[in-house]
Amino acid sequence: FISRILVLFRQLATSVSSDLFVLVLAEVMAVYFPACVILLRIWLPEAYRGELSSVLGEDVDFSAFHRHFDFVFLLSSTLSAIAIVLNILF
């Protein structure tokens, strides 16, 4: 899979597209870290959870983040399974 992506990227690569690819990848990674912190908050001990909640904001509805994560995970895993099946069949 990664080798196919690299071949596609080499075929389409220009200085602008490679810069854009790095920028998009950096943005995705920058969003991924705080999302993981918010989702892992529930597994922290109560003492640390309170400190993290005060940093992130007391009035934040963390259950909404968990529901959203579950939905996105289910959707992406379903689409990945469909892509794998289509790749095998064709």
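## Quick word on the overall build of the protein chain
Then, number 1: Looking only at helices and strands, one finds four helices and zero strands in the protein chain.
Then, number 2: Taken from N to C terminus, the helices and strands of the protein chain fall in the order α-α-α-α.
Then, number 3: Relative to its length of 90 residues, the protein chain is extended, with a C-alpha radius of gyration of 19 Å against a globular reference of 12 Å.
Then, number 4: Overall, the C-alpha framework of the protein chain stretches about 50 × 35 × 20 Å when taken along its three principal axes.
Then, number 5: When the 90 residues of the protein chain are sorted by exposure, 10% land in the buried category.

## A few points about a nonpolar patch on the surface
Then, number 1: Residues Phe71, Val72, Leu75, Leu79, Ile82, Val85, Leu86, Leu89 and Phe90 make up a contiguous nonpolar surface patch of about 950 Å² in total accessible area.
Then, number 2: Mapped onto the elements, Ile82 comes out in helix α4 (residues 62-89).

## Some details on the environment of Phe73
Then, number 1: With respect to the element layout, Phe73 can be found in helix α4.
Then, number 2: Overall, Phe73 belongs to the exposed group, its relative accessible area being 53%.
Then, number 3: Along the backbone, Phe73 and Gln11 are 62 residues apart, and their C-alpha atoms lie at a distance of 31 Å.

## Focus on the pattern of salt bridges
Then, number 1: Counted under the stated rule, the structure contains one salt bridge.
Then, number 2: Across the pair Glu46 and Arg49 runs a salt bridge, and its minimum N-O distance is 3.0 Å. Residue Glu46 and its partner Arg49 are located together in helix α3 (residues 46-56), separated by three residues, close to a single helical turn.
Then, number 3: When its relative accessible area of 19% is taken as the criterion, Arg49 is described as buried.

## Digging into the packing of aromatic side chains
Then, number 1: Counting across every chain of the model gives one aromatic pair.
Then, number 2: A ring pair is formed by Phe69 and Phe73, whose centres lie 6.3 Å apart and whose planes are at 20°; its orientation type is stacked. One end of the pair, Phe69, and the other, Phe73, are both in helix α4, four residues apart, so they sit about a helical turn from each other.
Then, number 3: For Phe69, a relative accessible area of 41% translates into the label partly exposed.

## Overview of the side chain of Arg49
Then, number 1: One polar contact links the side chain of Arg49 to the main-chain carbonyl oxygen of Leu44, over a distance of 3.0 Å.
Then, number 2: Residues within four places of Arg49 in sequence aside, it is in contact with Arg41, Ile42 and Leu44.

## Some points on the confidence of the model for the protein chain
Then, number 1: Mean pLDDT over the protein chain stands at 80; residues scoring 70 or higher make up 96%.
Then, number 2: Least confident of the elements in the protein chain is helix α1 (residues 2-12), whose mean pLDDT is 76; most confident is α4, at 86.

Parameters at a glance
Residues numbered from 1 in each chain as written. Predicted model: local features only at pLDDT ≥ 70, side-chain atom pairs only at ≥ 80, totals over all residues. Heavy atoms only, no water. Helix = DSSP H or I, 4+ residues; strand = E, 2+ residues; numbered from the N terminus. Rg over C-alpha atoms; globule rule 2.2 N^0.38 Å. Buried < 20%, exposed > 50% of the residue type's maximum accessible area, 1.4 Å probe, protein only. Patch = residues over 30% accessible without salt bridge, like charges linked within 9 Å, V, L, I, M, F, W, Y side chains within 5 Å. Areas by Shrake-Rupley, 256 points an atom, 1.4 Å probe, with all protein chains shown as cover. Salt bridge = Lys/Arg side-chain N within 4 Å of Asp/Glu carboxyl O. Phe/Tyr/Trp six-rings, centres within 6.5 Å; stacked < 30°, edge-to-face > 60°. Polar contact = N/O pair within 3.5 Å; in protein donor to acceptor, adjacent residues only side chain to side chain. Contact = heavy atoms within 4.5 Å. pLDDT = per-residue confidence, 0-100.

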